[in-house]
Amino acid sequence: MIPEKSIRMPASKRIALIAHDNRKDELLHWCQTHLSALDGHQLYATGTTGRVLEKALNIPVNKLISGPLGGDQQIGGLVTEQKVDMLIFFWDPFEPMPHDPDIKALLRVAAVWNIPVACSRSSADFLITSPLMRQAYDYKVPDYDAYLTARGVSR
């Protein structure tokens, strides 16, 4: 079993926002609805989604490259570095198959690193309205360094 360590998620969350093309309007509307709740948090988004949100909401968004060009993987990398605390991913379950591996990889990384994930408007509503959104939160993540050290493996 891999040991765990405790991580403190700050009161000001780092939130990744991603949407497939035919879900961008829904994500934008969700962000407009919850704009006051998003205030004070640091937002990240893949390319086109980030540009759409920043322009329409008039708030800063850390924009990465477009999802199909690797933006999903950039978000995943930030999750593994504990630089993203939460993932809001309005994905389309009816999107053609080529995106499936990217979606699965990102959701897998989010599960491995134990961050909150919302893949629908209702789950995003639950996350953004949680009292935990406005306070620090301690959670567990795998301690791979301790695991490797116990087995005599160095990185």
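What comes next concerns the included structure. Being a predicted model, the structure only gives us computed values, none of them experimental.

**Re the overall build of the protein chain**
Of the regular secondary structure elements, the protein chain holds seven helices and seven strands. Reading the protein chain from its N terminus to its C terminus gives the helix and strand order β-β-α-α-β-α-β-α-β-α-β-α-β-α. Expressed along its principal axes, the backbone C-alpha trace of the protein chain runs to roughly 50 × 40 × 25 Å. When burial is assessed residue by residue, the protein chain has 41% of its 155 residues classed as buried.

**Observations regarding the pairing of strand 5 (residues 86-90)**
As a general feature of sheets, a regular strand has side chains that alternate between the two faces. A large share of strand 5 lies buried, amounting to five of its five residues. Along strand 5, one buried face is formed by Met 86, Ile 88 and Phe 90 and the opposite face, lined by Leu 87 and Phe 89, is buried too. Two strands pair when backbone bridges link them, and strand 5 and strand 6 (residues 117-118) are joined in this way by two bridges, in the parallel orientation. Within the sheet, the bridge partner assigned to Leu 87 lies in strand 6 and is Val 117.

**Points about the environment of Val 112**
Here Val 112 is to be found in helix 5 (residues 100-112). Spatially, the C-alpha atom of Val 112 lies 19 Å from that of Ile 18, the residues being 94 residues apart in sequence. Those residues in contact with Val 112 that sit more than four places away from it in its chain are Pro 142 and Tyr 144.

What counts as what
Residues numbered from 1 in each chain as written. Predicted model: local features only at pLDDT ≥ 70, side-chain atom pairs only at ≥ 80, totals over all residues. Heavy atoms only, no water. Helix = DSSP H or I, 4+ residues; strand = E, 2+ residues; numbered from the N terminus. Buried < 20%, exposed > 50% of the residue type's maximum accessible area, 1.4 Å probe, protein only. Pairing = 2+ DSSP bridges. Contact = heavy atoms within 4.5 Å.

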